[in-house]
Amino acid sequence: MGISKENKDFIDSLIDYYISESESYRQIAENFVPEVESVPDTAFGIITGCVYSGFLQAYQNQHLTPGLDDMKEFNQIIKERAPLIKKAILNPEVSITSKKDAQETPDENSTND
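Cut-offs and rules
- Note that residues are indexed from 1 along each chain, following the sequence as it is written.
- Where local features are concerned, this predicted model is filtered to residues with pLDDT of at least 70; where side-chain atom pairs are given and counted, the filter is 80 or more; whole-chain, interface and lining totals use all residues.
- As a convention, hydrogens and water are excluded, and side-chain values are obtained from all of the structure's heavy atoms.
- We call a set of buried Ala, Val, Leu, Ile, Met, Phe, Trp, Tyr and Cys residues a nonpolar core when their side-chain atoms join them within 4.5 Å.
- Type-normalised accessible area, obtained with a 1.4 Å probe on protein chains alone, sets the label of each residue: buried when under 20%, exposed when over 50%, and partly exposed for intermediate values.
- A run of DSSP states H or I qualifies as a helix once it reaches four residues; a run of E qualifies as a strand once it reaches two. Both are numbered from the N-terminal end.
- Any pair of residues with heavy atoms lying within 4.5 Å of one another is described as a contacting pair.
- Ring pairs are drawn from Phe, Tyr and Trp, using the six-membered ring of Trp, whenever the two centres fall within 6.5 Å, and their geometry is named by plane angle: stacked under 30 degrees, edge-to-face over 60, tilted for the rest.
- We count a salt bridge whenever a side-chain nitrogen from Lys or Arg sits within 4 Å of a carboxyl oxygen from Asp or Glu.

Let us now look at the nonpolar core. Ile11, Ile15 and Val51 are the most contacted members of the largest nonpolar core, which totals 24 residues. Every element with two or more residues in this core is listed here: helix H1 (5-20), helix H2 (22-30), helix H3 (39-61) and helix H4 (68-90). For this core, the element with the most residues is H4, which contributes nine residues. Those residues within four positions of Ile15 in sequence are excluded, and the remaining contacts are Val51, Ile77, Ile78, Arg81 and Ile85.

The structure is reproduced here in structure tokens:
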């Protein structure tokens, strides 16, 4: 079936929100030291868990059940956005990078005019 455009947009908005609040989730993870070995990895897990929960809730609200293809597509979305999530956790002062900026790869041969 695949994730609908509406649900993809919702997932993207959730990811953007949690990126913007990454410092809060890092602080939550810091509260579990020394039980956790990696604060950034723990914060990443909390954020992706929250996005996953939102994804499931969106399906439930639509009286749908995500299928295997939906889960694979969701995981791919998270995987593509993972570097931005990690960057926000490691450097929360940096402003949110848009999805478009994240997907563009700088051309090493380009010059700034």
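Here we come to the packing of aromatic side chains. Under the definition given, this model contains six aromatic pairs. With a centroid separation of 6.3 Å and 35 degrees between ring planes, the pair formed by Tyr52 and Phe55 is classed as tilted. One end of the pair, Tyr52, and the other, Phe55, are both in helix H3, three residues apart, so they sit about a helical turn from each other. We classify Tyr52 as partly exposed; its relative accessible area is 32%. Of the residues examined, Phe55 reaches a relative accessible area of 1% and is grouped as buried. Between Tyr52 and Phe74, the aromatic rings sit 5.6 Å apart at their centres with planes inclined by 55 degrees, giving tilted as the arrangement. In this pair, Tyr52 is assigned in helix H3 and Phe74 in helix H4, connecting sequence segments 22 residues apart.

On to unusual backbone geometry. For the peptide bond that leads from Val33 to Pro34, omega is 10 degrees, which places it in the cis range. As for its placement among the helices and strands, Pro34 is situated in the loop between H2 and H3. Not every positive phi belongs to a glycine, and His63 is a case in point at roughly 60 degrees. Residue placement: His63 occurs in the loop between H3 and H4. Its relative accessible area of 75% is what places His63 among the exposed residues.

Let's shift gears to the environment of Arg26. If you trace the backbone, Arg26 turns up in helix H2. On a C-alpha basis, the gap between Arg26 and Pro40 in space is 6.6 Å, while along the polypeptide they are 14 residues apart. For Arg26, the residues in contact, after removing those within four places along its chain, are Val39, Pro40, Ala43, Ile89 and Leu90.

A separate point is the pattern of salt bridges. Oppositely charged side chains can pair when the atoms bearing their charge come close. Evaluated as defined, the whole model comprises six salt bridges. The shortest N-O distance in the salt bridge between Arg26 and Glu30 comes to 3.3 Å. With Arg26 and Glu30 both in helix H2, this residue pair falls four residues apart, about one helical turn. By relative accessible area, which is 23% here, Arg26 ends up partly exposed. By relative accessible area, which is 38% here, Glu30 ends up partly exposed. The network of salt bridges with shared partners includes Asp12, Asp16 and Arg81.

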